[in-house]
Amino acid sequence: MDKQIILLPGDGVGKEIMESAKRVLNTISSEFGHSFTFHQHEIGGDAIDQSGTPLPEDTIKACQHADAILLGAVGGEKWDSLPAYLRPEKGLLGIRKTLGLFANLRPVKGFSPLLDASPLKEEVIKGSDILIIRELTGGLYFGKPSERREDGEVVVDTLYYQRNEMERIIDKAFQSAQLRNNHLTSVDKANVLESSRMWREIVDEKSKDYPDVTVEHLLVDAAAMKLITQPDQFDVLVTENLFGDILSDEASVLTGSLGMLPSASIRSDGVGLYEPVHGSAPDIAGKGIANPLGMILSAALMLRHSFGLEKEALEIEEAVSQCLEQGYHTPDLHMKGGQEVGTKEMTEMVIDNLTTNSVCEQIGTMYA
Ligand SMILES: NC(=O)c1ccc[n+]([C@@H]2O[C@H](COP(=O)([O-])OP(=O)(O)OC[C@H]3O[C@@H](n4cnc5c(N)ncnc54)[C@H](O)[C@@H]3O)[C@@H](O)[C@H]2O)c1
Ligand SMILES: CC(C)[C@H](C(=O)O)[C@@H](O)C(=O)O
Ligand SMILES: [Mg+2]
């Protein structure tokens, strides 16, 4: 299979972990006889430094013509004092919006060797397997106006959604629930927000089209509590943009580290963008200790979702699982025993396991 893949390493640890993903994909392509061609472009702070904008035109064009996109992370202190419209994060929001990537799938699946790496009790997190579906191109992130008023004393952010923007993500969530365990939790703040009332109304309307799916509504504050006290109550969780951002970082605690979570940003058809859930981690950037697994697992999601390469995706997931079973872990994973390694060594171990795996064991798909 011949594929053109755009790499957007971005800033901080983004560059370090992108190298890991590229190496793993090169291994997969030579093992399976595919041809992946990589084209690297700038986004975020890196792009501001090079071209004065967080999302250059040539990056947009390249992404529009690609088969898939991998993104590392954007942001960092260096650019913190820039006005909001020029910050690195605008590059990420811009590419998501420009490509119409309204559905962000964030699978939260614990690997058993990491049960003791979480501060939560083993019996609580055991078997955690949740698919968070986050609306990605609407809500507070994109509503206008978003401004500080002239006298400097008033600020406004606008939570704006059109009905169809809610309908399409809710449909996606019901369909994902049907491919998993037919249970959907919808998270909102319908006791306060008008937008959440419309959201809940749509979920109830849509549930008639998916009679096999049981639906539970939760208010976001209670959902945040239940996510880490009774994670087994969740299977597919759907929510709007900001709630999904916050809940997914919280849910990463179930897996032992934020560095473990992959994600897929997609639309109904066309190109998909794959990115770990975490950011540029300025506190550890440049030290060679970032956990590359969220990025590597994002590459596996890309193979599965954009290219239909299920076997190859499973091979990567299995190789990651084997590394952890062998005790290899980066410092963010507070595993008892085992061997602490850096980004490069961890990547090396994944590649080692990939090249020695003769049979691919089915470990279940990361998301439906
Ligand atoms: N997708 C993205 O590009 C993205 C996502 C979140 C935050 N950000 C940006 O990143 C910058 C830093 O934000 P933050 O510090 O709040 O969040 P962060 O996700 O970068 O880091 C939060 C904590 O998690 C740790 N961490 C994150 N990824 C890790 C990894 N792969 N391995 C080991 N530890 C890891 C960090 O060291 C830090 O302690 C900000 O500019 C923010 O806007 C970007
Ligand atoms: C960097 C930021 C704009 C981004 C978001 O809030 O969407 C990040 O936190 C994420 O989760 O992908
Ligand atoms: Mg986030």
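What you are looking at is a predicted structure, and each value in this text was computed from that prediction instead of being measured. (Residues numbered from 1 in each chain as written. Chains lettered and ligands numbered in written order. Predicted model: local features only at pLDDT ≥ 70, side-chain atom pairs only at ≥ 80, totals over all residues.)

Asks: Would you take a moment to explain the overall build of the protein for this structure?
Replies: When helices and strands are tallied, the protein shows twelve helices and 14 strands. Scaling as 2.2 N^0.38, a compact globule of 368 residues should have a C-alpha radius of gyration of about 21 Å, and the protein matches this with 20 Å. Taking all 368 residues of the protein together, 50% fall into the buried category. Counting contacts in the protein only where the partners sit at least 6 residues apart, residues at least 24 apart contribute 75% of the total. (Helix = DSSP H or I, 4+ residues; strand = E, 2+ residues; numbered from the N terminus. Rg over C-alpha atoms; globule rule 2.2 N^0.38 Å. Buried ≥ 20, exposed ≤ 12 C-beta atoms within 10 Å, placed from the backbone. Contact = placed C-beta atoms within 7 Å.)

Asks: When you look at the site of ligand 1 in this model, what are you seeing that I'm missing?
Replies: Near ligand 1 lie 21 residues; those nearest to it are Gly75, Gly259, His278, Gly279 and Asn291. The class makeup of the residues in the shell around ligand 1 is nine nonpolar, eight polar and four charged. (Near = placed C-beta within 6 Å. Nonpolar A, V, L, I, M, F, W, Y, C, P; charged D, E, K, R; others polar.)

Asks: Any chance you could explain the site of ligand 2 here in plain terms?
Replies: Taken together, the residues surrounding ligand 2 are Gly75, Glu89, Leu92, Leu93, Asp245, Val277 and Gly279. Sorting elements by how many residues they give to the shell around ligand 2 places helix α4 (residues 88-98) first, with three residues. Residue composition of the shell around ligand 2, grouped by class: three nonpolar, two polar and two charged.

Asks: Hey, could you run me through helix α7 (residues 194-207) in this one?
Replies: The α-helix winds at 3.6 residues per turn, so residues separated by three or four positions along the chain end up facing the same way. With 14 residues, α7 should reach 20 Å at 1.5 Å per residue; the first-to-last C-alpha distance of 20 Å fits that figure. Residues Ser195, Ser196, Trp199 and Val203 constitute the buried set of α7. End-on view of α7: buried residues confined to an arc of 95°, all on one side of the axis. Residues of α7 that are exposed and point over 90 degrees away from its buried face: Glu194, Asp204 and Glu205. Next to the buried residues of α7 lie β7 (155-160), α6 (163-179), β8 (183-188) and β9 (214-219). (Expected span 1.5 Å × (residues − 1). Arc of directions from axis to C-beta.)

Asks: Would you explain the UniProt feature "domain: Isopropylmalate dehydrogenase-like" (unreviewed entry) in the protein in this entry?
Replies: Following the UniProt record, one finds the feature "domain: Isopropylmalate dehydrogenase-like" (unreviewed entry) at residues 4-350. With 40% helix and 21% strand, the stretch residues 4-350 has end C-alpha atoms that lie 23 Å from each other. (UniProt positions renumbered as here; feature names shortened; annotations may be inferred.)

Asks: It is not clear to me how the packing of helix α8 (residues 220-229) against helix α9 (residues 241-251) should be interpreted in this structure. Could you clarify?
Replies: Working note: a packed helix pair is described by the angle between its axes plus the distance between those axes. Between α8 and α9, whose axes approach to 10 Å, the crossing angle comes to 20°. Here α9 runs roughly parallel to α8, going by the angle between their axes. Crossing hand, α8 versus α9: right-handed. Of α9, the residues touching α8 (which contributes Val220, Ala223, Ala224, Leu227 and Ile228) are Phe243, Leu247, Glu250 and Ala251. In terms of residue class, the contact of α8 with α9 is built from eight nonpolar, no polar and one charged. (Axes fitted to C-alpha atoms, helices over the stretch in contact; angles between N-to-C directions. Parallel < 35°, antiparallel > 145°, perpendicular 65-115°, else oblique. Left-handed = near helix turned anticlockwise from the far one by under 90°.)

Asks: In this structure, what is going on with the confidence of the model for the protein? I would like to understand it.
Replies: Summing up the model confidence of the protein, the mean pLDDT is 95 and the portion of residues at 70 or higher is 97%. When the criterion is pLDDT under 50, residues 358-368 qualifies, and its contacts beyond four places in sequence or with other chains add up to 22 contacts. Interface scoring of the predicted complex returns ipTM 0.99; its pTM is 0.96. (pLDDT = per-residue confidence, 0-100.)

Asks: What is the right way to look at the sheet that holds strand β2 (residues 35-40) in this model?
Replies: The ten strands are arranged β2-β1-β3-β12-β11-β4-β5-β10-β8-β9 in an open sheet whose pairing can be described as mixed. Two strands bound the open sheet, and with one partner strand each, they are β2 and β9. As defined by bridge partners, strand β4 (residues 103-109) adjoins strand β11 (residues 264-266) across three bridges and the pair is classed as antiparallel. Bridging across to β11, Leu105 finds its partner in Ala264. Along the sheet, α9 contacts β4, β5 (129-135), β8 and β10 (236-239); its crossing angle with β5, the most-contacted strand, is approximately 155°. (Pairing = 2+ DSSP bridges.)

Asks: So what exactly am I meant to see when it comes to the nonpolar core here?
Replies: Across soluble globular proteins, you tend to see nonpolar side chains buried next to one another. With 100 residues, the main nonpolar core has Ile69, Leu70, Ile133, Ile296, Ala299 and Ile316 as its most contacted residues. The greatest single-element share of this core, amounting to nine residues, is contributed by helix α10 (residues 293-305). No fewer than three residues from each of domain 1 (1-109 + 258-368) and domain 2 (119-255) sit in this core. Ignoring anything within four residues of it in the chain, the contact list for Ala299 reads Ala21, Val24, Leu25, Leu70, Tyr274 and Ile316. (Core = buried A, V, L, I, M, F, W, Y, C linked by C-beta atoms within 7 Å. Domains from an automatic or database assignment.)

Asks: Explain the domain arrangement of the protein here, please?
Replies: How large an interface is tends to be reported as the accessible area lost when its parts come together. By domain assignment, the protein separates into domain 1 (1-109 + 258-368) and domain 2 (119-255). For domain 1 and domain 2, the distance between their C-alpha centres works out to 23 Å. Taken together, the contact between domain 1 and domain 2 spans 20 residues of the former and 26 residues of the latter. Counting only elements with at least two residues in the side of domain 1 that touches domain 2, the list comes to α4 and β4.

Asks: Honestly, the pairing of β7 in this entry has me stumped. Any pointers?
Replies: Side-chain positions along a regular strand alternate between the two faces of the sheet. Within β7, only zero of the six residues are buried, leaving the element largely exposed. As paired strands, strand β6 (residues 139-148) and β7 are joined by four bridges and run antiparallel to one another. When the bridges of β7 are listed, Gly139 appears paired with Tyr160. Following β6, the chain reverses through six residues before pairing antiparallel with β7; Gly152 in that reversal takes a positive phi of roughly 80°.

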